[in-house]
Amino acid sequence: PNSVTSIGEKAFNGCTSLKSVVIPEGVTSIKKEAFTNCTSLESVVIPNSVTSIGKSAFAGCSLKSVVIPNSITSIADLTFSSSSIESVVIPDSVTSIGNWAFMENRIKSINIPDSVTFIGRGNFYRCFNLQSVVIPDGVTSIEPALFSGDAALKSVVIPKSVTSIGEEAFTS
């Protein structure tokens, strides 16, 4: 209903028959693990009223694609990990991507907007289909295990702003 402003911690955790979710306009937060392990969840619509999505909120789902709304400035740790995602749209409003946020997905390529200045540890770990990525100019560090296990990776553009590359960043 329109009266809902927050989806609580573990609210739908493990609802294995849930296939799609349309979060109503007016919801401002999705708490941690709200939809974790909803293994049949293939589609989610997140409105621009949502300003925060908690840790592991959609981990372990079967999402095919994700469009992150313009109202989000930070993607929390593990938010979309192990969720079968093939396509993701990150808006210019996002400035940081937490640790392991997109690990173990089916992403082939990703457009990380120039607004992003921090990409956490292991974000694209074991994204076996990832072939190319351009790291934005504002990023100064390639965190550990960022692309570890990405055997299909053919092209990475690293900007001059990067001053350090963490351990096992590109280990396959």
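Further up the page is the structure itself.
Along each chain, residue indices are assigned from 1 in the same order as the chain's sequence is written. Restriction of local features to residues with pLDDT of at least 70 applies here, the model being predicted, together with a cutoff of 80 or more for giving and counting side-chain atom pairs; totals for whole chains, interfaces and linings are based on all residues. As a convention, hydrogens and water are excluded, and side-chain values are obtained from all of the structure's heavy atoms.

Asker: Hey, could you go over unusual backbone geometry for me, with residue numbers and the actual values?
Answerer: Phi is positive for glutamate 33, close to 60°, though the residue is something other than glycine. A run of H or I in DSSP counts as a helix once it spans at least four residues, and a run of E counts as a strand once it spans at least two, with each numbered from the N terminus. As for its position among the elements, glutamate 33 is in the loop between β3 (29–30) and β4 (43–45). If you check the backbone angles, glutamate 168 has positive phi at about 55° while not being a glycine. Secondary-structure assignment places glutamate 168 in the segment after β15 (164–165).

Asker: Summarise the sheet that holds strand β11 (residues 118–119); cite the residues concerned and give the values.
Answerer: Paired through backbone hydrogen bonds, the strands of a sheet run either parallel or antiparallel to each other. Here the rule is simple: two strands pair whenever DSSP picks up at least two bridges between them. Judged by pairing direction, the sheet is parallel, and its three strands sit side by side in the order β7-β9-β11 without closing on themselves. The open sheet has two edge strands, β7 (74–75) and β11, and neither has a second partner. Of the strand pairs in this sheet, strand β9 (residues 96–97) and β11 are connected by two bridges, and their pairing is parallel. Note that in β11 the partner of serine 96 across the bridge is phenylalanine 118.

Asker: I'd like a rundown of the pattern of salt bridges, residues and numbers included.
Answerer: Here, a salt bridge means any side-chain nitrogen of Lys or Arg that lies within 4 Å of a carboxyl oxygen of Asp or Glu. One pass over the structure, following the stated rule, counts three salt bridges. For glutamate 33, the salt bridge goes to lysine 10, with nearest N and O atoms at 3.6 Å. Here the residue glutamate 33 occupies a position in the loop between β3 and β4, and lysine 10 occupies one in the loop between β1 (6–7) and β2 (20–22), the gap between them amounting to 23 residues. Of the charged contacts in the structure, one is a salt bridge between arginine 126 and glutamate 104, with a shortest N-O distance of 3.2 Å. Placement of arginine 126 in the loop between β11 and β12 (132–134) and of glutamate 104 in the loop between β9 and β10 (109–111) is noted, with a sequence separation of 22 residues between them. Buried residues are those whose accessible area, probed at 1.4 Å on protein chains only, stays under 20% of the maximum for their type, while exposed residues exceed 50% and partly exposed ones sit between those limits. A relative accessible area of 27% places glutamate 104 in the partly exposed class.

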